[in-house]
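Spelled out from the first residue to the last, the chains are:
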Amino acid sequence: MGLFLTFAQLPFVIIFSILTLPFSTRNKNKKSLRRVIGDTTYRFVGQSLSVNEVQGFYGTTLKNYNTWVAQVKLPPVIDELGGGSRLLWLGPKRTERVILWCHGGGLMLALTDHQMAFMRYVQQKLEARGGTGVGVALLEYTLASDQPLPTQLVQLISAVKELLASGVQPQNLVLAGDSAGALLIELLLVHTLHPIPASSEKGYDAPPPSPLTGLPNKLAGIYLMCPWIAVTGTTGSAVANSATDSVTNESQYAMGRFVLGQLPEAEQHYIQANTAPEEWFAGADALVEKVLVTSGDKENLFEDINVFVDKLTKEGFGGSSERVKYIVQKDGVHDDPIQDFFAGETRPGKMSYVTPMIVDWLAERIPA
Ligand SMILES: *[C@@H]1O[C@H](CO)[C@@H](O)[C@H](O)[C@H]1NC(C)=O
């Protein structure tokens, strides 16, 4: 179907979701009208278009970044990492305390305006607490449809090396991301614990050693928003929440099969943590001071994320819920705090109540 004809349906889909709201489970969310329209549109795009068309819809990371920073009157600040990868700074490059953010989108979609707007919001909330500014660097990685895994891990490794070489201290650095970006952070952690070997089957060399090995201090923290930790998840929540999540279980599944096939079967647990051997995360506590994971109980991935958090906490952090904090947003959908920015819902009290908790956790990890 032509793109025009596809989008011609959108107003009807939106009207339908508003009219059926009183009867849908979404009504319990008490989401604002803006969010209902935003979530419906977001889901519609992912559901109705082919992966190629969605990629066209979301553009390219560098172009989106340049356009967006111009709109919000920030100068573009870019570190070239080589191989089509870059660090894109929101505001000046600051190294006193830094968040490195990996964006989501199934490893198949570019960085978008609403993801940048979310991070800018978080940065401004942190800066409002005084002290020095916060450096926020967004990783531009090559999409998995252009270069297969583990290319994106290799690029993340270059990014962390670049930050450390610029003088960023590990105890002032938080690695973070949403969805597939959170998966990349998890992959780096796992690569540190169990270096990924070369694969003659898939034709790639072993990624470089992890820059997290042998650091003088632990990383300040890792934050994983709705990690895409089970890329083909077909659990109860994937079925039960499939009609109302911000992404359909089928599109998550299709992209999941695609990226999973880029690793040899024997190593697929690197991106499917819940199928990894016992004690997979042992040693994580020596690398990272604290971890925050957030999810929504109305997302497809909910059950998988629960299992993952349990495994990570027990095996990696001696069962400490102090070191691995897990926040479940009641009635939250996938990437709920970021969806507010897609919908343009930034009114205090209407936004996800988890967003201020994320800011609090970050403020505690990298204090002013
Ligand atoms: C998606 O959810 C539907 C139920 O709405 C279910 O029938 C289907 O098997 C699920 N597919 C996947 C891949 O989880």
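Looking at an unreviewed UniProt entry, the protein chain carries the name Alpha/beta-hydrolase, with the source organism given as Pholiota conissans.

Structural notes on the state of the cysteines
All told, the structure shown has 0 disulfides when counted by the stated rule. Distance from the sulfur of C102, which forms no disulfide, to the nearest cysteine sulfur (C226) is 15 Å. Classification of C102 as buried rests on a relative accessible area of 0%. Owing to a relative accessible area of 2%, C226 belongs among the buried residues under this scheme.

Overview of the packing of aromatic side chains
Summed over the entire model, instances satisfying the criterion amount to 9 aromatic pairs. Here the aromatic rings of F57 and Y58 are separated by 5.0 Å at their centres, their planes lie at 90 degrees, and the arrangement is edge-to-face. F57 gets classed as partly exposed once you look at its relative accessible area, which sits at 40%. Using a relative accessible area of 10% as the deciding quantity, one classes Y58 as buried. Taken together, a centroid distance of 5.2 Å and an interplanar angle of 80 degrees make the contact between Y270 and W280 edge-to-face. On the criterion of sequence distance, the pair formed by Y270 in the loop between helix 10 (249-260) and strand 7 (288-296) and W280 in the loop between helix 10 and strand 7 is long-range, its members being 10 residues apart. Pair check on accessibility: Y270 and W280 agree, each one buried.

Quick notes on unusual backbone geometry
The residue after L149, namely P150, is reached through a cis peptide bond having omega 0 degrees. Non-glycine residue S179 carries a positive phi angle of around 50 degrees. Structurally, S179 is set in the loop between strand 5 (173-178) and helix 8 (180-193). On the basis of relative accessibility, which here comes to 7%, the residue S179 falls in the buried class. Positive phi, normally seen in glycine, also occurs at D335, with a value near 55 degrees. Take D335: it is sitting in the loop between strand 8 (324-329) and helix 12 (336-343).

Analysis parameters
- Residues numbered from 1 in each chain as written.
- Predicted model: local features only at pLDDT ≥ 70, side-chain atom pairs only at ≥ 80, totals over all residues.
- Heavy atoms only, no water.
- Disulfide = S-S within 2.5 Å.
- Buried < 20%, exposed > 50% of the residue type's maximum accessible area, 1.4 Å probe, protein only.
- Phe/Tyr/Trp six-rings, centres within 6.5 Å; stacked < 30°, edge-to-face > 60°.
- Helix = DSSP H or I, 4+ residues; strand = E, 2+ residues; numbered from the N terminus.

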